[in-house]
Amino acid sequence: MSIDVELNKFREQLNNSNSIALISHLDPDGDNLGSLTALSNSLFRYGKEVFPIEFDKIPDNLKFLPFLDNLSDNANIKVDMIICLDCANYERLGKIDYVFDNANIRVNIDHHMSNEFYGDINIVKKGYSSTCELVFDIIDGLNLPIDQQIATSLLTGISTDTGRFLYSATTKDTLEKSSKLMGYGADMLQINNSVYQSKKFDAQLLENEILSSTEIHREKIAISSVSLEQLEKYNVETSDIDGVINIFRDTDKIDISVFIKEKSNDEFKVSLRSKGNINVGEIARALGGGGHKNAAATKLFGDYSSVLKKVKEEIDNYGLRNKCI
Ligand SMILES: [Mn+2]
């Protein structure tokens, strides 16, 4: 289905809706909070009553985003419309049954390959660099308000989801829209300073420890991990050290970088990054997760060694199937 059909349905339903809840996936990141604050802010300026929902803590390096003060963890509300952003499946939105089931209309706006079309209206564009890039098209297409704050939110998500315009999903359109956002006053300097140049010193020390114990598998795969004990020792959050997965990926020998984070005793989040044509989204899906070609993730249960074994097996299978690695 083309975006225009769905966009027109969204336009119609927007006219019939006054109160609108907005939500994104758990474990907030730049694209998630960028699209959530941008669209909430724009619809608020358009005259709607907006209820942006956020269950998790805002990562320190994203606290500069405009409109964050309006976020609430109250999801027991009745609204005309709920908009779900940057989230491939319903489960990853958190506990939102009440607000979702009681809304008249549910809108799903996303760019993930694995999106499950769980909305009444699904504006899903799989080739897009980011949900923020898609939200920019929606704001533009429907003539919704945009200003310096909204532009800053949108550029943040485009920048973080493209790895600062590094990944293959960065298209001519992505750059053109980013340029337009700077035309609206998006503060690139503030984004770069807050998101990329304000790492906590102790987070760097922990990253050093993680990197020095990284395992190199089959010469082309770097596997790093962090335990809850290490996080406690350095007093940092996992979101403070998310960038560590890129370090080995960006070396000439490594094709895939894996980062395994302990969430609880027997639960691990496994993030995967690759360069070029290696599709880690396929590996993540084989492990029950999802994501994009060069950036994907999954959750695995069990003890660390069994999780590590599963991850290596699936990467080896992928290598055999595609005659690479
Ligand atoms: Mn995204």
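Treat the numbers as computed from the prediction; the structure is a model and nothing was measured.

Draft legend 1. Fine view of the packing of helix α5 (residues 148-161) against helix α6 (residues 172-183). Running from N to C, α5 and α6 point in directions that differ by 150°, and their axes come no closer than 9 Å. With respect to α6, the axis of α5 lies roughly antiparallel. In this structure, α5 meets α6 at a crossing whose hand is left-handed. Along the contact surface, α5 presents A151, L154, L155 and I158, while α6 presents T174, S178, L181 and M182. The residue inventory of the contact of α5 with α6, partitioned by class, reads six nonpolar, two polar and no charged.

Draft legend 2. Focus on the packing of aromatic side chains. Scanning all chains against the criterion turns up three aromatic pairs. Its end group placed over the ring of F100, R106 keeps NZ or CZ at 5.5 Å from the ring centre. The positively charged end of R164 is found above the aromatic ring belonging to Y196, 4.0 Å away from the centroid.

Draft legend 3. View of the environment of G141. Looking at the secondary structure, you find G141 in helix α4 (residues 131-141). G141 sits 137 residues away from D4 along the chain, and the two C-alpha atoms are 9.2 Å apart.

Draft legend 4. View of α4. Here α4 lies mainly inside the structure; eight of its eleven residues are buried. Within the span of α4, buried status applies to T131, C132, E133, L134, V135, F136, I138 and I139. Looking one or two residues past α4, N143 carries a phi angle of roughly 55°, positive in sign.

Draft legend 5. Up close: the domain arrangement of the chain. Taken domain by domain, the chain holds domain 1 (3-196) and domain 2 (201-321). Each of domain 1 and domain 2 was reduced to a C-alpha centroid, and the two centroids are 27 Å apart. Listed by partner, the interface residues are eleven residues for domain 1 and twelve residues for domain 2. Carbon and sulfur atoms make up 43% of the area that domain 1 and domain 2 hide from each other, which totals about 880 Å². Taken together, the connections running from domain 1 to domain 2 amount to two salt bridges. Notably, a salt bridge pairs K57 with E237, separated by 3.0 Å at the nearest N-O pair. Our count for the contact surface shared by domain 1 and domain 2 stands at four residue pairs in polar contact (both at pLDDT 80 or more). Partitioning the side of domain 1 that touches domain 2 into residue classes produces four nonpolar, four polar and three charged.

What counts and what doesn't
Here the residue numbers are simple positions, counted from 1 along each chain's written sequence. Two thresholds apply to this predicted model, a pLDDT of at least 70 for residue-level local features and 80 or more for giving and counting side-chain atom pairs, whereas whole-chain, interface and lining totals are computed over all residues. Side-chain calculation: all heavy atoms of the structure are included, whereas hydrogens and water are not. All axes here are fitted lines through C-alpha atoms, helices being fitted over the stretch that makes contact, and every angle between N-to-C directions spans 0 to 180 degrees. Put simply, DSSP marks the helices as runs of H or I at least four residues long and the strands as runs of E at least two long, and each gets a number from the N terminus on. The cut-offs work like this: below 35 degrees is roughly parallel, past 145 is roughly antiparallel, 65 to 115 is roughly perpendicular, and the gaps in between are oblique. Two helices crossing with the near one rotated counterclockwise from the far one by less than a right angle form a left-handed crossing, whereas a clockwise rotation gives a right-handed crossing. Whether two residues are in contact is decided by their heavy atoms: any pair within 4.5 Å suffices. Residues are grouped as follows: Ala, Val, Leu, Ile, Met, Phe, Trp, Tyr, Cys and Pro are nonpolar; Asp, Glu, Lys and Arg are charged; every other residue, Gly included, is polar. Pairing of aromatic rings covers Phe, Tyr and Trp, the last through its six-membered ring, and needs centres within 6.5 Å; plane angles under 30 degrees mean stacked, over 60 mean edge-to-face, and all others mean tilted. Only Lys NZ and Arg CZ are tested; either one counts as a charge over a ring when it is within 6 Å of the ring centre and within 35 degrees of the ring normal. Categorising residues by exposure relies on relative accessible area from a 1.4 Å probe, with only protein chains included: less than 20% of the type maximum marks a residue as buried, more than 50% marks it as exposed, and the intermediate range marks it as partly exposed. Residue ranges assigned to each domain were obtained from an automatic or database domain assignment. Here the quantity called buried area is the accessible surface, traced with a 1.4 Å probe, that two parts lose on coming together, added over both. The working definition used for a salt bridge is a side-chain nitrogen of Lys or Arg within 4 Å of a carboxyl oxygen of Asp or Glu. Polar contacts here mean pairs of N or O atoms no more than 3.5 Å apart (in protein, one a potential hydrogen donor and the other a potential acceptor; neighbouring residues in sequence count only if both atoms are side-chain atoms).

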